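For reference, the chains in residue letters:
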Amino acid sequence: MIIAANLKTNLTRKETNKYLAEVESFVSSKNITQEVLVFPAMSSLDTHDTSIIVGAQNAYATKDGAFTGEIGSVHLEEFAIKTILIGHSERRHILGETQEELAIKFNYYKDLGFKIVYCVGEPLEKRKAGKSEMMEYISSQYKGIDTKYKNLIIAYEPVWAIGTGLTPTLEDIQEIHTDLKEKSTAPILYGGSVKVTNAKDVLALKNIDGILVGSAALYGEHFCSMIEYAQELEGK
Ligand code: 13P
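Quick caveat: nothing in here was measured; it's all calculated off a predicted structure.

**Concerning helix α7 (residues 170–181)**
Reasoning step 1: Relative to the 16 Å expected for twelve residues at 1.5 Å per residue, α7 spans 16 Å between its end C-alpha atoms, a close match to the ideal helical length.
Reasoning step 2: Listed in full, the buried residues belonging to α7 are I173, Q174, I176, H177 and L180.
Reasoning step 3: Tucked into the core, α7 has its buried residues touching β5 (115–120), α5 (124–128), α6 (131–140), β6 (152–156), β7 (188–191) and α8 (196–203).

**Re the site of the ligand**
Reasoning step 1: Near the ligand, the surroundings consist of N6, K8, H88, E157, A161, I162, G163, G192, S193, L212, G214 and S215.
Reasoning step 2: Contact between the ligand and E157: an oxygen atom at 3.0 Å from a side-chain N or O atom of the residue.
Reasoning step 3: G214 has a polar backbone atom sitting 2.9 Å from an oxygen atom of the ligand.
Reasoning step 4: In the complex, the protein chains occlude 99% of the 310 Å² of accessible area that the ligand would expose alone.
Reasoning step 5: Taken together, the residues of the shell around the ligand break down into three nonpolar, seven polar and two charged.

**Examining α8**
Reasoning step 1: Along α8, the residues that are buried comprise N198, A199, V202 and L203. All buried residues of α8 fall inside an arc of 135° around its axis, so they share one side.
Reasoning step 2: Looking at the buried side of α8, the elements it contacts are β1 (2–6), α7, β7, β8 (210–213) and α9 (220–232).

**Here we look at the packing of α6 against α7**
Reasoning step 1: Taken N-terminus to C-terminus, the directions of α6 and α7 make an angle of 50°; their axes are 12 Å apart at the nearest point. The orientation of α6 with respect to α7, classified from their angle, is oblique. By crossing handedness, the relation of α6 to α7 is classed as right-handed. Contacts between α6 and α7 pair K131, M134, M135 and I138 from the former with E175, I176, D179 and L180 from the latter.
Reasoning step 2: A breakdown of the residues in the contact of α6 with α7 according to their chemical character gives five nonpolar, no polar and three charged.

About the criteria used
- Residues numbered from 1 in each chain as written.
- Predicted model: local features only at pLDDT ≥ 70, side-chain atom pairs only at ≥ 80, totals over all residues.
- Heavy atoms only, no water.
- Helix = DSSP H or I, 4+ residues; strand = E, 2+ residues; numbered from the N terminus.
- Expected span 1.5 Å × (residues − 1).
- Buried < 20%, exposed > 50% of the residue type's maximum accessible area, 1.4 Å probe, protein only.
- Contact = heavy atoms within 4.5 Å.
- Near = heavy atom within 4 Å.
- Polar contact = N/O pair within 3.5 Å; in protein donor to acceptor, adjacent residues only side chain to side chain.
- Areas by Shrake-Rupley, 256 points an atom, 1.4 Å probe, with all protein chains shown as cover.
- Nonpolar A, V, L, I, M, F, W, Y, C, P; charged D, E, K, R; others polar.
- Arc of directions from axis to C-beta.
- Axes fitted to C-alpha atoms, helices over the stretch in contact; angles between N-to-C directions.
- Parallel < 35°, antiparallel > 145°, perpendicular 65-115°, else oblique.
- Left-handed = near helix turned anticlockwise from the far one by under 90°.

This is the structure:
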């Protein structure tokens with residue numbers, strides 16, 4: 001399974017290095033065979049020669065150039081980073097990235113062979129509008145995205161579940177993941193208020209290939225427990 005931590009705008013470079021060392025030591029001491037991904041804040045990126053895959057939370061669709069405040073692929077190459085998160089709801093809804101821009105970014109990093117964790121998920125009003133409107137909204141987030149890309153991982157993260165402590169029921173997660181599996185055979189992660197207390201139940205569901213964890217992953221110990229759950233459920 002794939003266990004991913006999105007550290008968002010948290011942990012300095014020093015703190016991130018300490019965090020990664022803690023997770024790496026856990027992973028090697030427990031002989032973990034799951035795929036562990038960590039997305040640090042931009043200024044905390046560095047070269048890491050470990051089994052943990054370090055990815056970028058964002059980058060612009062360019063090698064370099066005049067895009068003030070952005071970084072390009074040349075900056076990721078410096079740290080041998082070949083993994084990127086695209087389409088996170090905070091970038092869609094707070095930073096205003098459009099589907100068109102996301103598709104351009106997706107294609108740029110796809111052409112470079114990056115592993116792409118591509119996020120989709122509905123805001124509360126779409127969920128309340130009923131299943132078909134909700135699925136229509138989620139489908140629109142696949143526009144311009146190559147769902148057959150071999151290095152694609154989908155993350156289903158309902159916007160209303162992110163950082164709120166609220167989650168869909170296990171049945172709902174299961175049902176949506178099953179529907180999303182029809183759009184793409186890529187692995188699908190669930191994200192949104194995953195904690196040590198619910199991670200095991202979520203990971204045990206059918207059609208779930210892993211989790212993308214935000215706030216709870218900031219505690220190295222908690223993130224490691226979730227990695228261990230995934231290991232225990234191997235071959236579920
Ligand atoms: P929380 O786990 O804090 O709800 O965040 C989820 C998320 O946005 C991961 O990308």
